[in-house]
Amino acid sequence: MTQATKYEKPVPLKTLDNHPYWDAADRHELALQKCSDCKGYIHPPGPSCPSCGSPATEWENLGSDISATVYSYITSYRPFLPGFQHDLPTVITVAALDVAPEVKIMANIIGCPAEEVEIGMPLKMTWTDITPDRALPQWTPSRSQN
Ligand SMILES: [Zn+2]
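Residues numbered from 1 in each chain as written. Predicted model: local features only at pLDDT ≥ 70, side-chain atom pairs only at ≥ 80, totals over all residues. Heavy atoms only, no water.

A. Here's a closer look at the overall build of the protein. Secondary structure assignment for the protein yields one helix and eight strands. Element order for the protein, N to C, with α for helix and β for strand: α-β-β-β-β-β-β-β-β. For 146 residues, the compact-globule estimate of 2.2 N^0.38 gives 15 Å, and the C-alpha radius of gyration of the protein, at 16 Å, lies within 12% of that figure. The dimensions of the protein, computed from C-alpha atoms along their principal axes, are 50 × 35 × 30 Å. Split into buried and exposed, the 146 residues of the protein put 36% on the buried side. Within the protein, counting contacts between residues at least 6 apart in sequence, those at least 24 apart form 54% of the total. Here the protein has roughly 8,700 Å² of accessible surface; of this, 54% comes from carbon and sulfur atoms. In the protein, 11 positive and 17 negative side-chain charges are present, and the distance between their average locations comes to 3 Å. (Helix = DSSP H or I, 4+ residues; strand = E, 2+ residues; numbered from the N terminus. Rg over C-alpha atoms; globule rule 2.2 N^0.38 Å. Buried < 20%, exposed > 50% of the residue type's maximum accessible area, 1.4 Å probe, protein only. Contact = heavy atoms within 4.5 Å. Areas by Shrake-Rupley, 256 points an atom, 1.4 Å probe, with all protein chains shown as cover. Lys, Arg positive; Asp, Glu negative; His and termini not counted. Charge placed at Lys NZ, Arg CZ, Asp CG, Glu CD.)

Right, here's the structure in full:
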């Protein structure tokens with residue numbers, strides 16, 4: 001019998017506004033909120049469109065093949081919350097989606113030494129199963145574009 005490793009980090013909370021984003025993540029897909037009036041993407045999700053103020057929003061499923069580029073990043077050498085102390089250094093990036101560069105999604109970069117991360121680096125979204133029914137979107141280097 002193998003000992004299951006307990007996930008010690010915070011599990012993202014689903015709210016009325018963001019649950020379609022996390023429900024899609026649990027299926028290893030990306031869903032983005034979109035304004036029904038001006039058609040702009042809204043990320044992070046909210047109760048209304050930050051561009052035009054419309055409360056009419058809808059969700060678009062972008063699937064599992066998500067590419068982006070590093071817009072900005074920081075490397076953290078300290079655990080700011082319990083549970084992160086085993087994963088240092090942690091690279092936290094803001095990545096611009098290739099299909100909609102105005103959409104920036106913040107997540108960790110995994111599978112890449114911190115010193116190799118640079119602005120403009122191509123990424124793919126990947127999902128880490130953190131509990132039996134929850135998954136976390138993260139970024140990993142896109143090897144095919146190198
Ligand atoms: Zn709008």
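B. Geometry of the packing of aromatic side chains. A complete count under the given rule lists one aromatic pair for this structure. Here the aromatic rings of Tyr-21 and Trp-22 are separated by 5.0 Å at their centres, their planes lie at 85°, and the arrangement is edge-to-face. With relative accessibility at 14%, the residue Trp-22 sits in the buried group. It is Lys-104 that lies over the ring of Tyr-71; its NZ or CZ is 4.5 Å from the centre. (Phe/Tyr/Trp six-rings, centres within 6.5 Å; stacked < 30°, edge-to-face > 60°. Lys NZ or Arg CZ within 6 Å of the ring centre and 35° of its normal.)

C. Structural view of the pairing of strand E5 (residues 90–97). Among the eight residues in E5, six count as buried, and that is most of the element. Two elements, strand E4 (residues 67–76) and E5, share eight bridges in a ladder whose sense is antiparallel. The residue bridging Thr-75 from the neighbouring strand is Val-91, located in E5. Two elements, E5 and strand E6 (residues 104–109), share six bridges in a ladder whose sense is antiparallel. For Thr-93, the partnering residue across the bridge sits in E6 and is Ala-107. Between the antiparallel neighbours E5 and E6 lie six residues. (Pairing = 2+ DSSP bridges.)

D. Quick peek at the coordination of the zinc ion. Of the protein atoms, only Cys-35 (SG), Cys-38 (SG), Cys-49 (SG) and Cys-52 (SG) coordinate the zinc ion, at distances of 2.3 Å. Around the zinc ion sit four donor atoms; with metal-centred angles ranging over 104 to 121°, the donor geometry is tetrahedral. Here the donor residues of the zinc ion are spaced in sequence according to C-x2-C-x10-C-x2-C. You can see Cys-35 sitting in strand E1 (residues 30–35) and its partner Cys-52 sitting in the loop between strand E2 (41–42) and strand E3 (57–63), a full 17 residues away along the chain. Cys-35 sits in the buried class, given a relative accessible area of 0%. Residue class for Cys-52 comes out partly exposed when judged on its relative accessible area of 42%. (Donors = N, O, S within 2.8 Å, 3.2 Å for Na, K, Ca; no water. Tetrahedral: all angles 85-135°; square planar, octahedral: opposite > 155°, others 65-115°.)

E. Highlighting the domain arrangement of the protein. What the domain assignment lists for the protein is domain 1 (14–64) and domain 2 (65–146). Spacing between the C-alpha centres of domain 1 and domain 2 amounts to 20 Å. If you look at the interface, domain 1 gives 14 residues, while domain 2 gives 17 residues. With both chains or domains summed, domain 1 and domain 2 bury close to 1,300 Å², and 66% of this area falls on carbon and sulfur atoms. Between Arg-134 and Asp-26 there is a salt bridge, and its shortest N-O distance comes to 3.2 Å. For the pair domain 1 and domain 2, the interface holds four residue pairs in polar contact (both at pLDDT 80 or more). Looking at the side of domain 1 that touches domain 2, the elements that each hand over two or more residues are helix H1 (19–26), E1 and E3. Split into classes, the residues belonging to the side of domain 1 that touches domain 2 amount to seven nonpolar, four polar and three charged. (Domains from an automatic or database assignment. Buried area = accessible area lost by both parts, 1.4 Å probe. Salt bridge = Lys/Arg side-chain N within 4 Å of Asp/Glu carboxyl O. Polar contact = N/O pair within 3.5 Å; in protein donor to acceptor, adjacent residues only side chain to side chain. Nonpolar A, V, L, I, M, F, W, Y, C, P; charged D, E, K, R; others polar.)

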